[in-house]
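# Per-entry structural report
Chain residues, written in single-letter form:
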Amino acid sequence: MSERISIRVEKSVLATDKGTRLSKLLAGLDLPAKPVLAEVDGRIVDLDVPLDKDGDVVLLYPDSERALDVLRHSGSHLMAHAVLDLFPGTQVGIGPAVENAFYYDFLRETPFTTGDLASIEARMKELAARDLPIERVVLPKAEAVSLFREKGQTLKVELIEEKAGAEATCYRQGDFIDFCLGPHLASTGRLRHFKLLSVSGAYWKGDERNQQLQRIYGTAFFSKDQLEGYLNLIEEAKKRDHRKLGPELDLYSFADDLGSGLPLWHPKGARIRAVIEQHWRERHWAGGYDILYSPHIGRAKLWQTSGHLGFYKDSMYSPMEIDGQDYYLKPMNCPFHILIYKSRLRSYRDLPLRWAELGTVYRYERSGVLHGLLRVRGFTQDDAHIICTPGQIEDEILRVLDFSVSLLADFGFIDNKIDLSVRDPKNPDKYCGSDDLWCRAEASLVKALETRGYPYERMEGEAVFYGPKIDIKIKDALGRLWQCTTIQFDFNMSERFDMTYIGEDGREHRPYMVHRALLGSLERFFGVLIEHTNGNFPLWLAPVQAAVLPIADRHDGYASGLVARLREDGLRAEADLSREKVGHKIREAELRKVPLILIVGDKEVREGTASLRIHGQGDKGPVDIGAFLAKAQALVRNRSLTVLW
RNA sequence: GCCAGCGUAGCUCAGCAGGUAGAGCGGCUGAUUUGUAAUCAGCGGGUCAGGGGUUCGAAUCCCUUCGCUGGCUCCA
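Residues numbered from 1 in each chain as written. Chains lettered and ligands numbered in written order. Predicted model: local features only at pLDDT ≥ 70, side-chain atom pairs only at ≥ 80, totals over all residues. Heavy atoms only, no water.

Okay, the sheet that holds strand β33 (residues 618-624) next. Spatial strand order, β30-β29-β31-β32-β33: five strands in an open sheet with mixed pairing. Of all the strands in the sheet, just β30 (573-575) and β33 have a single pairing partner and so form its edges. The average undirected angle you get between the axes of adjacent strands in this sheet is 25°. One ladder, built from six bridges, connects strand β32 (residues 609-614) with β33; its direction is antiparallel. By the bridge assignment for β33, Ser611 is matched with Pro622. (Pairing = 2+ DSSP bridges. Helix = DSSP H or I, 4+ residues; strand = E, 2+ residues; numbered from the N terminus. Axes fitted to C-alpha atoms, helices over the stretch in contact; angles between N-to-C directions.)

If you want it as structure tokens, here you go:
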């Protein structure tokens, strides 16, 4: 008679024989979905695991991030296995699961090309079909080292020597073995739905001084539907890529002769930007900010004082000499705002000061990092500096947090992820400012987040050297996160520029300074907005809000009159007076994604109306012009995200 | 910056065992006067990203510069 054990699974407590496989135990349970892995005593295991003692079992379902990580990690092993089969002599680096994907780094004389992906994937399918068991093997360190050395895997040897204790945990499948902590799936046959995505370079251990390896990315899912869903998402993202849509909709362009990373805003893009800027200004004035302007260049002395020439020079454009003085293009606006602060003596009665600027800055970005509008060399920050007394800081942080969230919501971004970046506790020396300052700053950030009940992730070691910060990432229509907002304490500038205010006590005090950008950069925000809306801008932002299409040229006069009237009432309208059939004009207007389309022919001229068509929705029938205008203006005023008639 | 890939008309792309460039759409001109996603016809348009080399001859092969893409590193 075998020993009985007691297992708690999903609220049920089950008694079973010692050694029973978990899958067998689960067979008798009525589960909401099919689990793929389980966590027993804090370890992720396969469902085939024999249960040998009392314990809690947490089931992991295919939508669980942790289960997917295990799947993808096994996927990376399968890929490495296939690569070593196909390309003997290749060395393997590391191969983890990452968000939505996995990768493995390889060292091989001939670099992989995208053409190699198909054959590697085919070999992976073969290895999966053989359903090789994936076994955990623990070897004494010396044995592991000599094993991998024999195989010529010197990168692995290096890893084992660095990371393994007395023993090295490895995973073996067929003739492939890898130094790895796991966990993994039970066998290669569990990997059914995977796809290799791309090849790229990556530095060994992420350090650009090290040799460059070749990284192959792939992804894997538990079901075919999920894999296809993900691949479709990539396709959809490609379709709404702002680098494709932007030029297509004539919003912006880049020119080779201009230089890379320097966007040109075309009339329609500029119109959207102007609307954004106008809204931004109004919100800022209403929100207690003052707006500043400052020049694009400044003397070297300024940048020495600010410290930029010390710690930021690599990202600055080379100086230009004027009258024997070096001037630099500004990479940040802060020094200018500080000079305005210092232009007179400040009293505690003047504080808080909230100074904002749409400041255009230039930063030298390495050519490889440029990316459409999302990463450029010349861009306009919606910058602001809040200068206040220590006693005001908590209120000010809360205020700027509320203001940020509310401004983002105006554009339809209501699903945000918030990161709190704090010091690296292991490395206190690399930060400026006193311990006390850091603690108080961090406390005020935390307090603001908790007052509003916003969930946030604490990122240790992610703070910049001059202070802790809150970053807000907005989630777009495809669920992707984009960093826009940053709210940063700055303990550095106030010291360097010796900023002071006269307190109630008549003595000089050091103000707190908070640096913030809400949309981040107008360029990046615009790029995200294009992708988020797929170019279908909400009515209040649409560069052309209404297109008036006369059916025949005898209706041109009526159409032009209608456009004039709409414009007088503040609607951005255009008439299409080309000699095309109305079907063609409609197609053109739809392709330009004009939200409101007004068609006018004999009937409309006779009755003084227009026939309304809404982009993406089709024919809405005749409308009275006055009623149309009122409705359109209301949609603009409310910044409505959809056009519902 | 690094690794890999790419750069042919405004756009999408064909041409590439080396023999001085083509299509569709867009544009222009003309005809058509049109009712909810493409009317017809004609005509223009490219030092094949720039420069250099190999060759009798280069869009095609090689080198180099610039730009773009996917990553690495960095960041708004």
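Glancing now at the protein's contact with RNA strand B. In the vicinity of RNA strand B lie 56 residues, with Tyr203, Gln212, Arg375, Arg587 and Ser611 positioned nearest. Protein-proximal atoms of RNA strand B, defined as those within 4 Å of the protein, fall in sugar or phosphate at a share of 47%. At 2.9 Å, a backbone N or O of Val376 approaches a base nitrogen of RNA strand B. With seven residues, the top contributor of residues to the surface near RNA strand B is helix α17 (residues 582-591). (Near = heavy atom within 4 Å. Polar contact = N/O pair within 3.5 Å; in protein donor to acceptor, adjacent residues only side chain to side chain.)

Tracing the backbone through its elements, the reader meets Lys156 in helix α5 (residues 154-163). What Lys156 contacts, discounting residues up to four positions off in sequence, is Val92, Gly93, Tyr104, Phe148, Asp178 and Phe179. (Contact = heavy atoms within 4.5 Å.)

Here the focus is the environment of Gly433. As for its placement among the helices and strands, Gly433 is situated in the loop between β22 (416-422) and α13 (435-452). For Gly433, a relative accessible area of 41% gives the class partly exposed. Measuring from C-alpha to C-alpha, the distance between Gly433 and Ala144 comes to 47 Å, with 289 residues separating the pair along the chain. (Buried < 20%, exposed > 50% of the residue type's maximum accessible area, 1.4 Å probe, protein only.)

Moving on: the nonpolar core. Counting 63 residues, the largest nonpolar core has Phe411, Phe489, Leu519, Phe525 and Phe537 as its most contacted members. The dominant element in this core, judged by the number of residues it contributes, is helix α12 (residues 393-410), at nine residues. Ignoring anything within four residues of it in the chain, the contact list for Phe525 reads Leu408, Phe411, Phe413, Ile474, Cys484 and Leu519. Grouped together as the second largest cluster of nonpolar side chains are 39 residues, Ile44, Ile120, Ala128 and Cys180 included. (Core = buried A, V, L, I, M, F, W, Y, C linked by side-chain atoms within 4.5 Å.)

For the rest of this paragraph, the subject is the sheet that holds strand β9 (residues 134-140). Two modes of strand pairing occur in sheets, parallel and antiparallel, and in both the strands are linked by backbone hydrogen bonds. The strand order β9-β10-β11 describes an open sheet built from three strands, whose pairing is antiparallel. One side of each edge strand has no neighbouring strand; the edge strands of this open sheet are β9 and β11 (176-179). Averaged over all pairs of adjacent strands, the angle between their axes in this sheet comes to 30°, without regard to strand direction. Looking at chain direction, strand β10 (residues 167-173) and β11 are connected through four bridges and run antiparallel. Considered in β11, the bridge of Cys170 is made with Phe179. Strand contacts of helix α4 (residues 141-150): β9, β10 and β11, with the helix running at about 115° to β9, the strand carrying the most contacts. Each of β10 and β11 is contacted by α5, which is oriented at about 40° to β11, the strand it contacts most.

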